[in-house]
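Structural description and commentary
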Amino acid sequence: WTERTVAPDARNFWSFQPLKVVEPPAVKNEAWPRTPIDRFVLAKLEEKGLRPNEPADRRTLVRRAYYDLIGLPPTPEEIDAFVKDDSPEAYRKLIDRLLESPHYGERWGRHWLDVARFAESHGFEQDYDRPFAYHFRDFAIEALNRDMPYDQFVRWQLAGDELAPDDPLALKATGFLGAGVFPTQITANEVERTRYDALDDMAATTGVAFLGLTVGCARCHDHKYDPIPQADYYRFISTFTTTVRGNIDVNLDPDGYRAAKEAFDREHAPLAAALAAYERDELPGKFAAWETNRPPLVQNGWIVLDAADFKSQGGATLAKQPDGSLLASGTNPQFDTYAISARIGSAAITGVRVEALADESMVKLGPGRASNGNFALTDLKVHVAPANNPADAKPLALSNPRATFEQKGLPVAATIDGDAKSAWAVDPQFGKNHAAIYDAAEPPQTVAADAKKESGERIVTFTLKFENNAGHNIGRLRLSITSAPAPLSFDGGTPAEIVALLDLPGDNRSAEQQAALLKWFAPQDEGWKSKNAAVQAHLAKAPQPNTVKMMVCSEGVTPIRHHTQGADFFNETYFLRRGNCDAKEGVATPSFLQVLMQLPDGADRWRQKPPAGARTSFRRASLANWITDTDRGAGHLLARVIVNRLWLHHFGRGIVATTSDFGKQGTPPTHPEMLDYLAGELIRGGWKLKPLHRLMMTSSVYMQSGAHDADHAKVDPENVWLWRRTTQRLEAEVIRDAMLAVSGTLDQTQFGPGSLDESHRRRSIYFTIKRSRLITLMQLFDQPEPLVSVGGRPTTTVAPQALAIMNNPQIREYAKAFAKELRGKAGDDLQAAIRRGYETAVGRAPTSEETADAAAFVAEQRKSYAGDNKPDAEALALADFCQVLFGLNEFVYVE
């Protein structure tokens, strides 16, 4: 690979130079400046022979401030309160109050989502959803509301998982890197190229979003205009070599969970200690007493019954198999009852087992005879009688049923609940052996009576009913009993290893063997069961972490898997000749843009080694260190770019008009000294953005009126030098939000998953951004497609915008709600309703001519609806008036 070094004179370009220490210039009109900003602007105006406009009136100013900072209109009461407040601090207090509003983050977060090309689907043809990507949107809102320092805002988006791995907000921030498009159908020969496309998306977006540099232009060759060699590009993208999107479980309140868990542990300690003390001090004695008089044990597990008599009431053929099971064939009746009897000894029955076994003779191997292989056992009853007197049968009490598997809604407990239709079934686990076991307790008199008989033989009879679903009979059945003490297992009575240990003399047992016996015995001891129940009951109340699934961009996480015939990432990034994956020319090691490194030792200053045991490489943390370093790294350019973005949204045009291109193809700054001054203020103020908003919005240049001056327009038709306030149209989201606000239907719920339902009433930032299904109204008013970073939206004027306001069904609903609000305020007073409508929608009272026209319009519409015999003619006519207000230029434009 041929190394290319950036020439020293390349650093002379204005955006690559360090920030200058700038003093606001002297001006002739010393009465006009309110802030240092005004001096920079006024100096240019005086140089061009222009003068600034007069201040805007207070009604205009309060409406401007509301829309700029929170994207919602002030109410008539809020406007009147500000207009009547003649305090010198009234305006500043207004700005401060709006900056503290939770709606501030929603307003300015939407600006950042454009820059971040945020969406919640992958794009391309299939456009699969990213259901957990909304957390990045929530990060932007919350971080801005907190006034998170901008350098931290940037660092977390690049490497929040490395810099603050325990902070959920930092993890949310990493969604920035993965917000771009990515294909979900990748063939084997596309895998590598697709991965380089993903690296390019991360690196190129990082370049334009934070630095205003088109880094991606150096993918195939040295940048044609800016000092970014192709080698710099590949070193830059290698930062993201192993970075992938992954959905992980994140505890949203780790501090709260930690505190709750500590409190729980303090409460739990005495209970656990009591159980441990019992196991240490008392349980061994209880076990020794039990062992002295222990009941007989079933060493070989369950005793499989040798059925002497078996019958299907429905006519199925039951045939005995070598393993003791009964196989059903022939007729499969809709409902059936199996009666099965066998001779047994005199030992008390402590448990019974019912097995439903798979067999090749059945659909899907059964174990049921239904068309899908299922069965549904509705009722199980067991009776025991002396062999010499079968009529003297006593029911065997069954309890504590458990099964190897239970179908949802059809549990094994249903077999002994007395309900003729409830049942135990095993869908979808067909083709497998299943078993149910029950604890059993024989009536004492039955056992005693049999004990007197010489033979002691008895007859046990099982009755199994299948009355839940047609044809759902067990196809292969095996029945067993046991006399082993509890607890019983599916595979045997007392485990063989326990029997073997019990046969050892106590003195010959090791400590480990004795511990195993105590562990087995403990559940049979009442004292242990009582103390353990207290422990388990308290454990059931243990606090649980508030976890959510979150899409992050990190390393060492399970990647979101696409339909790909290859790897999700590669362990190395190569220099590619002309960007061709088949023309590799060496491994690219992570580094940064030479033109923004003011150090002879290269990137070593910013490289951060991962701590021991780290899951990630800390390459992105190193990038974050460089990009925010204002002394020797890219921090000065980072500050210039974000200051310019703020200026764009407050004044309608950036100091650098090309907000995402600060290179040679971009537009030079109109006020370079002011840009450096503001960038310096940002850094000196701890990278806080809210003080910059305040500085800009309390300036005389911001507070100007938008009045047109023909002579000034000849000199500066585009208002580049800011001699007046440029009227700005509201963005799509704010237009819709304003309609919701004035109609009284705005749902102010914040955060969480969004929606594609156009009838939802939350702010528009909570629309789910699905790339193939963008909201039509948003697109009409120039919401960009989220494919690449967008620094500033265009403002188009097309006929479908007016048609949407006239015909969109959602807007019609907003108009009806607005009309209802007006009637609630004004009653039947049409003049008052019209006045209130204007004050609410556009922040001013109507003129007398507007009032007369509106009244005539409402009257005409009322007649039309009355002629159609519509009972709500009055409400519909007023809704038409409200819809006209939505269509006013004053509603969608802010001066």
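Residues numbered from 1 in each chain as written. Predicted model: local features only at pLDDT ≥ 70, side-chain atom pairs only at ≥ 80, totals over all residues. Heavy atoms only, no water.

Take the overall build of the chain next. In terms of regular secondary structure, the chain is built from 29 helices and 20 strands. On C-alpha atoms alone, the chain measures out to a radius of gyration of 39 Å, which is more than a quarter above the 29 Å that the 2.2 N^0.38 rule sets for 895 residues. Split into buried and exposed, the 895 residues of the chain put 53% on the buried side. Partitioning the contacts of the chain with sequence separation of at least 6, the portion at a separation of at least 24 is 73%. As presented, the chain carries roughly 38800 Å² of accessible surface, and 51% of it is formed by carbon and sulfur atoms. Of the charged side chains in the chain, 103 are positive and 116 negative, and the gap between their average positions amounts to 1 Å. (Helix = DSSP H or I, 4+ residues; strand = E, 2+ residues; numbered from the N terminus. Rg over C-alpha atoms; globule rule 2.2 N^0.38 Å. Buried < 20%, exposed > 50% of the residue type's maximum accessible area, 1.4 Å probe, protein only. Contact = heavy atoms within 4.5 Å. Areas by Shrake-Rupley, 256 points an atom, 1.4 Å probe, with all protein chains shown as cover. Lys, Arg positive; Asp, Glu negative; His and termini not counted. Charge placed at Lys NZ, Arg CZ, Asp CG, Glu CD.)

Our focus in this paragraph is the packing of aromatic side chains. Following the criterion strictly, the structure yields 31 aromatic pairs and no others. Ring geometry for tryptophan 112 against phenylalanine 153: centres 5.3 Å apart, planes inclined by 65°, an arrangement best described as edge-to-face. Of this pair, tryptophan 112 sits in helix H5 (residues 103-115) while phenylalanine 153 sits in helix H7 (residues 150-163); the two residues are 41 residues apart in sequence, bridging distant segments of the chain. You'll find tryptophan 112 and phenylalanine 153 in the same group, each marked buried. For the pair phenylalanine 287 and tryptophan 290, a centre-to-centre distance of 5.9 Å together with 25° between the ring planes defines the contact as stacked. Within this pair, phenylalanine 287 and its partner tryptophan 290 are both found in helix H12 (residues 283-292), separated by 3 residues, close to a single helical turn. In this pair, the class of phenylalanine 287 matches that of tryptophan 290, namely buried. A cation over an aromatic ring shows up here: arginine 64 above the ring of tyrosine 702, its NZ or CZ 5.7 Å from the ring centre. (Phe/Tyr/Trp six-rings, centres within 6.5 Å; stacked < 30°, edge-to-face > 60°. Lys NZ or Arg CZ within 6 Å of the ring centre and 35° of its normal.)

Taken in spatial order, the 5 strands of this open sheet run S4-S7-S13-S9-S10, and their pairing is antiparallel. Edge strands, defined here as strands with exactly one partner in the open sheet, are strand S4 (309-312) and strand S10 (394-395). Pairing analysis gives 8 bridges linking strand S9 (residues 379-386) to strand S13 (residues 458-466), with the strands arranged antiparallel. Within S13, the position partnered with leucine 380 by the bridge is leucine 464. (Pairing = 2+ DSSP bridges.)

Turning our eyes to something else, we now look at the packing of H12 against helix H15 (residues 511-521). Across the interface, H12 lies against H15 with an axial gap of 10 Å and an inter-helix angle of 80°. Considered as vectors, H12 and H15 are oriented roughly perpendicular to each other. Residues Leu283, Pro284, Lys286, Phe287 and Trp290 of H12 lie in contact with H15, whose contacting residues are Gln514, Leu517, Leu518, Trp520 and Phe521. Its residues assigned to classes, the contact of H12 with H15 comprises 8 nonpolar, 1 polar and 1 charged. (Axes fitted to C-alpha atoms, helices over the stretch in contact; angles between N-to-C directions. Parallel < 35°, antiparallel > 145°, perpendicular 65-115°, else oblique. Nonpolar A, V, L, I, M, F, W, Y, C, P; charged D, E, K, R; others polar.)

In this structure, Trp112, Trp626 and Leu678 are the most contacted members of the largest nonpolar core, which totals 170 residues. Among residues more than four places away in sequence, those in contact with leucine 678 are Ile37, Val643, Trp647, Ile655, Leu692, Leu695 and Met696. Judged by nonpolar contacts, the second largest core, of 35 residues, contains Ile344, Ala356, Leu377 and Leu477. (Core = buried A, V, L, I, M, F, W, Y, C linked by side-chain atoms within 4.5 Å.)

As a working rule, side chains carrying opposite charge can pair if their charged atoms are close by. Enumeration over the complete set of coordinates arrives at 58 salt bridges. The salt bridge involving aspartate 379 is made with lysine 381; its shortest N-O contact spans 3.1 Å. Here arginine 812 ties to aspartate 880 by a salt bridge, and the two come within 2.8 Å at their closest N and O atoms. One end of the pair, arginine 812, is in helix H25 (residues 809-826); the other, aspartate 880, is in helix H28 (residues 873-886), and 68 residues separate them in sequence. Taking the relative accessible area as the measure of exposure, aspartate 880 reaches 9% and is therefore buried. The network of salt bridges with shared partners includes Asp161, Glu162, Glu555, Arg619 and Arg620. (Salt bridge = Lys/Arg side-chain N within 4 Å of Asp/Glu carboxyl O.)

One can describe the packing of H25 onto helix H26 (residues 830-842) by two numbers: an axis separation of 9 Å at closest approach and a directional angle of 125°. When the interaxial angle is binned, H25 and H26 end up oblique. When the axes of H25 and H26 are compared, the crossing they make is right-handed. Contacts from Phe818, Leu822, Lys825 and Ala826 of H25 reach H26 at Ala832, Ala833, Arg836, Gly837, Thr840 and Ala841. (Left-handed = near helix turned anticlockwise from the far one by under 90°.)

Below, the discussion takes up helix H3 (residues 76-84). Those residues of H3 not exposed but buried are Pro76, Ile79 and Phe82. Down the axis of H3, the smallest arc covering the buried residues is 130°, so these residues share one side. (Arc of directions from axis to C-beta.)

This part covers the state of the cysteines. Going through the model one piece at a time under the given rule, you end up with 0 disulfides. Cysteine 220 takes part in no disulfide bond, and the closest cysteine sulfur to it belongs to cysteine 217, at a distance of 10.0 Å. Cysteine 220 supplies the cysteine sulfur nearest to cysteine 581, a cysteine that is in no disulfide, at a spacing of 10 Å. (Disulfide = S-S within 2.5 Å.)

By secondary structure assignment, the location of histidine 693 is in helix H20 (residues 690-697). In this view, histidine 693 contacts Leu69, Leu99, Tyr104, Trp108, Leu646 and His650; residues no more than four positions away in its chain are not counted.

What follows covers H25. Taking 1.5 Å as the rise per residue, H25 with 18 residues should run 26 Å; its terminal C-alpha atoms sit 26 Å apart, in good agreement. Along H25, the residues classified as buried are Gln810, Ile811, Arg812, Tyr814, Ala815, Ala817, Phe818, Ala819, Leu822 and Ala826. Tucked into the core, H25 has its buried residues touching helix H22 (732-742), helix H23 (776-780), helix H24 (799-807), H26, helix H27 (848-867) and H28. Backbone nitrogen of glutamine 810 and a side-chain oxygen of the N-cap are separated by 2.8 Å at the start of H25; the cap is asparagine 808. In the stretch just after H25, glycine 827 is the one whose phi turns positive, near 65°. (Expected span 1.5 Å × (residues − 1). Polar contact = N/O pair within 3.5 Å; in protein donor to acceptor, adjacent residues only side chain to side chain.)

As a further point, take the environment of leucine 211. Tracing the backbone through its elements, the reader meets leucine 211 in helix H9 (residues 191-211). Not counting residues up to four positions away in its chain, the partners in contact with leucine 211 are Thr206, Leu596, Trp626, Ile627, Ala634, Leu637, Leu638, Val641 and Phe662.

By secondary structure assignment, the location of aspartate 359 is in the loop between strand S8 (351-356) and S9. Ignoring anything within four residues of it in the chain, the contact list for aspartate 359 reads Leu327, Leu365, Gly366 and Arg476.

Here we come to the confidence of the model for the chain. Residues at a pLDDT of 70 or more form 96% of the chain, whose mean pLDDT is 93. Predicted confidence for residues 447-454 stays below pLDDT 50, and this span has 7 contacts to residues more than four positions away or in other chains. (pLDDT = per-residue confidence, 0-100.)

Mapped onto the elements, glutamate 839 comes out in helix H26. For glutamate 839, a relative accessible area of 15% gives the class buried. Separated by 577 residues in sequence, glutamate 839 and glutamate 262 place their C-alpha atoms 55 Å apart. In contact with glutamate 839, other than residues within four places in its own chain, are Pro76, Ile79, Arg844 and Ala845.

Here the focus is unusual backbone geometry. The peptide bond linking glycine 366 to proline 367 adopts the cis configuration, its omega dihedral lying at 15°. Note that proline 367 resides in the loop between S8 and S9. The omega torsion of the bond from aspartate 427 to proline 428 falls at 10°, within 30 degrees of zero and hence cis. Within the fold, proline 428 resides in the loop between strand S11 (397-403) and strand S12 (434-441). The phi dihedral of asparagine 869 is positive, around 60°, even though this residue is not glycine.

The next point concerns the environment of alanine 855. Its place among the elements puts alanine 855 in helix H27. Considered as a pair, alanine 855 and leucine 637 are 218 residues apart in the sequence and their alpha carbons are 56 Å apart. The contacts of alanine 855, once residues within four sequence positions are left out, are Leu830, Gln831 and Ile834.

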